[in-house]
Amino acid sequence: MIKQVIVVPHHPNWSRQFAQEGQILREELANNLVRLHHGGSTAIPGIHAKPIIDILAEVADLDRVDAQIPRLTTRGYEAMGEYGIPGRRYFRKHNAVGVRTHHLHVFSTGSAEVLRHLAFRDYMIAHPEAAQAYSQLKQRLAVAYPDDIEAYMDGKDSFIKAMEQKSLEWIQLNTSDESI
């Protein structure tokens, strides 16, 4: 099946969709859930994004998530295992007509992956010029590769890696202890 690459302008409803799905996840992950974060491009105001809500969940015990898979499945989530990132549990959700609506990335609290994802998001929010460059790149790639999600993802890779490095340096500077 060919997955069409579609990016759309930022929609203010995305934060509400995150909040609504968060209520479901709080119920299903119960007392294992430590924190939920709205991640990915839909969390960055003013930029184009694939209209898929990325949710980053921090949990106390990653192994317990495996036992919670049946509960998440009843809520429409498809378990994908680590899906290329060690220490992650990845899920995706589709609507009734098969269009993907959500990605759920679950990590143990304190994971370096949580910091990496949140630093990128926060850097983009704090640096609108970088966010707009990312938005423009995604728009160009969606036009160039409308039926090739792999080429679209590959086209973003070097930009994302460069911004991740900047964002991790930026977050360290902005959270360092300034006392002498």
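All values derive from a computational prediction rather than experimental measurement. (Residues numbered from 1 in each chain as written. Predicted model: local features only at pLDDT ≥ 70, side-chain atom pairs only at ≥ 80, totals over all residues. Heavy atoms only, no water.)

1. Comments concerning the overall build of the protein
Rule in force here: Numbering of helices and strands starts at the N terminus; helices are DSSP runs of H or I of at least 4 residues and strands are runs of E of at least 2. Each radius of gyration reported is based on C-alpha atoms, and the globular scaling rule is 2.2 Å times the count of residues to the power 0.38. Exposed residues in this analysis have more than 50% of their type's maximum accessible area, buried residues have under 20%, and partly exposed residues fall in between, with area computed by a 1.4 Å probe over protein chains only. Contact criterion: two residues are considered in contact whenever any of their non-hydrogen atoms come within 4.5 Å of each other. Under the counting rule used here, the positive set is Lys and Arg, the negative set is Asp and Glu, and His together with the chain ends is not counted. To locate a charge, the coordinates of NZ of Lys, CZ of Arg, CG of Asp or CD of Glu are taken.
Within the protein one finds 5 helices and 5 strands. Counting helices and strands in the order they occur from the N terminus, the protein gives α-β-β-α-β-β-β-α-α-α. Here the protein has a C-alpha radius of gyration of 17 Å; the compact-globule value for 180 residues is 16 Å, and the two agree. Principal-axis analysis of the C-alpha atoms gives the protein an extent of 55 × 40 × 30 Å. Classification of the 180 residues of the protein by burial places 43% in the buried group. A separation threshold of at least 6 residues defines the contact pool for the protein, and within that pool the share at least 24 residues apart is 63%. Of the charged side chains in the protein, 20 are positive and 22 negative; the average position of the first set lies 5 Å away from that of the second.

2. With respect to the sheet that holds strand β3 (residues 77-79)
This is how it is decided: In this description, strands pair whenever DSSP reports at least two bridges between them. Interaxial angles span 0 to 180 degrees and are taken between N-to-C directions of axes, which are lines fitted to C-alpha atoms, for helices over the stretch in contact.
Pairing in this open sheet of 5 strands is mixed, and the strands run β1-β2-β5-β4-β3 from one edge to the other. Lying at the two open borders of the sheet, with one neighbouring strand each, are β1 (33-39) and β3. Looking at each pair of strands side by side, their axes are set apart by 25 degrees on average, direction ignored. As judged from the 7 bridges shared by strand β4 (residues 88-94) and strand β5 (residues 100-108), these two strands associate in the antiparallel manner. Bridging from a neighbouring strand, F91 pairs with L104 of β5.

3. Points about unusual backbone geometry
Although it is not a glycine, A30 adopts a positive phi angle of roughly 45 degrees. Inspection of the secondary structure assignment puts A30 in the loop between α1 (13-29) and β1.

4. Some details on the packing of aromatic side chains
Think of a pair of aromatic rings as described by two things: how far the centres are apart, and how the planes are tilted against each other in angle. Note the cut-off: For this analysis, a ring pair means two rings from Phe, Tyr or Trp (six-membered ring only for Trp) whose centres lie within 6.5 Å, classed as stacked if their planes differ by under 30 degrees, edge-to-face if by over 60, and tilted for the remaining angles.
For the coordinates displayed, the defined rule picks out 5 aromatic pairs. The interplanar angle of 90 degrees and the centroid separation of 5.6 Å between the aromatic rings of F120 and Y134 together place this pair among those described as edge-to-face. Here F120 is found in helix α3 (residues 112-126), whereas its partner Y134 is found in helix α4 (residues 128-144), with 14 residues between them in sequence. Using a relative accessible area of 13% as the deciding quantity, one classes F120 as buried. Between Y134 and F159, the ring centres sit 5.4 Å apart and the planes meet at 5 degrees, which makes this aromatic pair stacked. Of this pair, Y134 sits in helix α4 while F159 is found in helix α5 (residues 149-175), placing the two residues 25 residues apart along the sequence.

5. Regarding the side chain of D54
To be explicit about the condition: A pair is scored as a salt bridge if a Lys or Arg side-chain nitrogen falls within 4 Å of a carboxyl oxygen belonging to Asp or Glu. Nitrogen and oxygen atoms within 3.5 Å of one another constitute a polar contact, given that in protein one can donate a hydrogen and the other can accept it, and given that sequence-neighbouring residues count only through two side-chain atoms.
Structurally, the position occupied by D54 is in strand β2 (residues 53-59). Of the side chains with opposite charge, K50 lies nearest to the buried D54, which makes no salt bridge, at 6.5 Å. Here the side chain of D54 touches H105 through a polar contact of 2.9 Å, side chain to side chain. Among all residues touching D54, those that are not within four sequence positions of it are H37, H38, G39, G40, T42, H103 and H105.

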